[in-house]
Amino acid sequence: RPFRPHEAAKDMSYLLPHLRSGWAVDQAILTEEDRVVCLRFGRDGDETCMLMDETLSSVSEKVKNFAILYCVDIEEVPDFNTMYELYDPCTVMFFFRNKHIMIDLGTGNNNKINWAMDDKQEFIDIVETVFSGARKGRGLVISPKDYSTKYRY
């Protein structure tokens, strides 16, 4: 059987903790006091999510002191689909002390990252920026890199 990289990536979501109910998502956001809560919303089997999960699982150890990463399958937990407008295959959102932290990525959508990031260091830089801004009380932080030209809608 030929090697299919997208099938190998499928296992990546299992390396990350999953939140399996609306209550679990709320608790994760409410109870974490010191770190950024990074939620990946999407379908575990979706190719875009698999790529993002690969990035998330490979950086989770590096960011563990200032961020905690979770996966939320939007079919298993549809509670937030309307509220957070989760219409993209993969969406990453950040929360700090029960507050949604927005990030200006240059894309026009400051609420979330809605593409798969494959550059691990870029993602770490974003999480560090969110953490540092959120600790200073900012609800909106500016991404260290402008993504306006890289990802067109």
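1. Quick word on the overall build of the protein chain
And step 1. In terms of regular secondary structure, the protein chain is built from four helices and five strands.
And step 2. Mapped from its N terminus to its C terminus, the protein chain presents α and β elements in the order α-α-β-α-β-β-β-α-β.
And step 3. Partitioning the contacts of the protein chain with sequence separation of at least 6, the portion at a separation of at least 24 is 73%.
And step 4. Per element, the accessible surface of the protein chain, about 8,000 Å² overall, is 48% carbon and sulfur.

2. Notes on the nonpolar core
And step 1. Counting 32 residues, the largest nonpolar core has Met52, Phe94, Ile113, Met117, Phe123, Ile126 and Val130 as the members making the most contacts within it.
And step 2. Counting only elements with at least two residues in this core, the list comes to β1 (36–42), α3 (47–63), β2 (67–73), β3 (90–96), β4 (99–104) and α4 (120–135).
And step 3. The leading source of residues in this core is α4, at seven residues.
And step 4. Excluding residues that lie within four positions of it along the chain, Met117 makes contacts with Leu51, Met52, Thr55, Glu122, Phe123, Ile126 and Tyr147.
And step 5. Grouped together as the second largest cluster of nonpolar side chains are 18 residues, Val37, Val77, Met93 and Phe95 included.

3. Notes on unusual backbone geometry
And step 1. Not every positive phi belongs to a glycine, and Glu85 is a case in point at roughly 50 degrees.
And step 2. Its location among the elements puts Glu85 in the loop between β2 and β3.
And step 3. One non-glycine residue, Asn98, lies in the positive phi region at around 65 degrees.
And step 4. Here Asn98 shows up in the loop between β3 and β4.
And step 5. Accessibility expressed as a relative area gives 45% for Asn98, which makes it partly exposed.

4. Regarding helix α2 (residues 22–31)
And step 1. Taken residue by residue, α2 has Gly22, Ala24, Val25, Ala28 and Ile29 as its buried positions. The arc that holds every buried residue of α2, seen down its axis, measures 165 degrees, which confines them to one face. Across α2 from its buried face, at more than 90 degrees, point the exposed residues Trp23 and Thr31.
And step 2. Next to the buried residues of α2 lie β1, β2 and β3.

5. Side note on the side chain of Asn109
And step 1. Structurally, the position occupied by Asn109 is in the loop between β4 and α4.
And step 2. A distance of 2.9 Å separates a polar atom in the side chain of Asn109 from the backbone nitrogen of Asn111.
And step 3. When residues no more than four places from it in sequence are discounted, the contact partners of Asn109 are Ile103 and Asn114.

6. With respect to α4
And step 1. Taking 1.5 Å per residue, 16 residues should reach 22 Å; α4 reaches 23 Å between its end C-alpha atoms and fits that length.
And step 2. Those residues of α4 not exposed but buried are Glu122, Phe123, Ile124, Ile126, Val127, Val130, Phe131, Gly133 and Ala134.
And step 3. Elements in contact with the buried residues of α4: β1, α3, β2, β3, β4 and β5 (140–142).
And step 4. With a side-chain oxygen positioned 3.1 Å from the backbone nitrogen of Gln121, the residue opening α4 is Asp119.

7. Quick look at the sheet that holds β4
And step 1. Sheet architecture is open: five strands sit in the order β2-β1-β3-β4-β5, paired in mixed fashion. With partners counted over all chains shown, the strands left at the sheet margins are β2 and β5, one partner each. In this sheet, neighbouring strand axes are inclined to one another by 35 degrees on average, regardless of whether the strands run parallel or antiparallel.
And step 2. Against the sheet, α3 engages β1, β2 and β3, with an angle of about 165 degrees to β1.
And step 3. Contacts from α4 reach β1, β2, β3, β4 and β5 within the one sheet, and its direction differs from that of β3 by about 30 degrees.

Each value, and the rule that gives it
- Residues numbered from 1 in each chain as written.
- Predicted model: local features only at pLDDT ≥ 70, side-chain atom pairs only at ≥ 80, totals over all residues.
- Heavy atoms only, no water.
- Helix = DSSP H or I, 4+ residues; strand = E, 2+ residues; numbered from the N terminus.
- Contact = heavy atoms within 4.5 Å.
- Areas by Shrake-Rupley, 256 points an atom, 1.4 Å probe, with all protein chains shown as cover.
- Core = buried A, V, L, I, M, F, W, Y, C linked by side-chain atoms within 4.5 Å.
- Buried < 20%, exposed > 50% of the residue type's maximum accessible area, 1.4 Å probe, protein only.
- Arc of directions from axis to C-beta.
- Polar contact = N/O pair within 3.5 Å; in protein donor to acceptor, adjacent residues only side chain to side chain.
- Expected span 1.5 Å × (residues − 1).
- Pairing = 2+ DSSP bridges.
- Axes fitted to C-alpha atoms, helices over the stretch in contact; angles between N-to-C directions.

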